Amino acid sequence: MAASTADLVREVREFVREEILPLEPAFLHHGFAAVLPALREKRQEVKARGWWLPPFPREWGGMGLGLLEFARLSEELGRTPLGHYVFNTQAPDIGNMEVLLKHGTPMQKERFLKPLAAGEVRSSFGMTEPEYPGSNPVWMNTTAVLEGDHWVINGHKWYTTGFEGSAFCIVMCITDPDQPNPYARASQIIVPTDTPGFQHVRKISVMGEQGEDWMSHSEIRLQGVRVPKENLLGERGRGFAIAQERLGPGRIHHCMRWIGIAQRSFELMCEHAARRELAPGKPLGSRQAIQHMIAESKAEIHAARLMVLDAAEKVEQQGAEGARVEISLIKFFVAGVLQRVLDRAIQVHGGLGMSDDLPLSFFYRHERAARIYDGADEVHKTVVARAVLKEYGLEVSL
């Protein structure tokens, strides 16, 4: 890691510890809206320090960091549920920004990307549908039909992250149902959320928590929604290809965020093991079972970190397609490490770990989904196994 990157990581780590972590108790007990005014102030501080949008080009107000550099920074921001939001690198906004930057027209960049990059608005991304399996993303029922100068959209989506309060949603729609290639049937269309016919059905309760604002997931319906044909993002029929483009770097972002969560959980576990006494003069950490948890967690986090940085380097050199196997490897491996480390940390803390006095229970509720979204573990393991077996002469079909 270059000295400049190391210095930046160290400064951001200190900022997170001193400026963002103190907001966690209010967030954990009263919700995201309770800390939103303070988060807006922190965002201004980040802008003033020149840290805004680290992985985005300087001409758009970002720092211009490469994927490998941002991976290091993402781990630090992932130590708290609020970190990425303060730096305007939260999902799905950062992914939408990257797609708009690469595929957006000048009009789309001016109307949608510019305020999003400035942090003036938020966005959402509508892909998953309740009626169809997320493991087969090309199978969907939301359609967009071109009528004159407008797309008319009808469909049903859910787990649309951050829809509440978002200014627009990038919606995946079937535009070419008769296309023989199923991967060329869908397009992405930008839909302002105040468009007539765009309905917010509900916020989905995730393990007992609905959430609010950006930190929520919604079920939405589009009934006769009409938007100008100029709102088509990229080429018609390229929706799935564009989605795959965003998912490559996006999985690097997710995995390093998960490592940040795992590292924070590990540190809390070690602090508690060293401080908590089972009896006078007998700290919890003196027990071999606890020592094994600590050793296994440290090894797994270290291995996960190196794997993700290796994958990020390959993405930078060969693109997401060239690093497809490495991306699938880290997706299921790091998600598993995250779950195991979190579980151990909660176990070591006992009842305290189950409470909202620490962030562990929040992480556990919300990050169990790490093994499901952006491709379930089973899908990524199949991708890896098929690639490996191909080297041995065995072609495995879907």
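Structure's up top.
Given the structure is predicted, the values throughout are model-derived calculations rather than measurements.

Caption draft 1: Spatial organisation of the environment of Leu-268. Mapped onto the secondary structure, Leu-268 falls in helix H8 (residues 239–275). Owing to a relative accessible area of 14%, Leu-268 belongs among the buried residues under this scheme. Measuring from C-alpha to C-alpha, the distance between Leu-268 and Val-348 comes to 9.6 Å, with 80 residues separating the pair along the chain. Apart from residues no more than four positions distant in its own chain, Leu-268 is found in contact with His-349, Pro-359 and Leu-360.

Caption draft 2: How the structure looks around the packing of aromatic side chains. Using the criterion set out here, one finds 14 aromatic pairs in the structure. Note on Phe-112 and Phe-168: the rings are 5.0 Å apart at their centroids and 65 degrees apart in plane angle, and the pair reads as edge-to-face. With Phe-112 in helix H7 (residues 106–117) and Phe-168 in strand S4 (residues 168–174), this pair connects stretches of sequence that are 56 residues apart. For the pair Tyr-183 and Phe-240, a centre-to-centre distance of 5.0 Å together with 55 degrees between the ring planes defines the contact as tilted. Remark: Phe-240 occurs in helix H8 and Tyr-183 occurs in the loop between S4 and strand S5 (186–192); sequence separation between them is 57 residues. The exposure class of Tyr-183 is partly exposed, given its relative accessible area of 40%.

Caption draft 3: Spotlight on unusual backbone geometry. Look at the link from Ala-91 to Pro-92: it is a cis peptide, with omega at 0 degrees. Topologically, Pro-92 is positioned in the loop between helix H5 (83–86) and helix H6 (93–103). Phi at Tyr-159 is positive, roughly 55 degrees, even though this residue is not glycine. Mapped onto the elements of the fold, Tyr-159 is located in strand S3 (residues 150–161). Backbone geometry at Met-207 places phi at a positive 50 degrees, although glycine is not the residue there. Among the residues examined, Met-207 registers a relative accessible area of 52% and is labelled exposed.

What counts and how
Residues numbered from 1 in each chain as written. Predicted model: local features only at pLDDT ≥ 70, side-chain atom pairs only at ≥ 80, totals over all residues. Heavy atoms only, no water. Helix = DSSP H or I, 4+ residues; strand = E, 2+ residues; numbered from the N terminus. Buried < 20%, exposed > 50% of the residue type's maximum accessible area, 1.4 Å probe, protein only. Contact = heavy atoms within 4.5 Å. Phe/Tyr/Trp six-rings, centres within 6.5 Å; stacked < 30°, edge-to-face > 60°.

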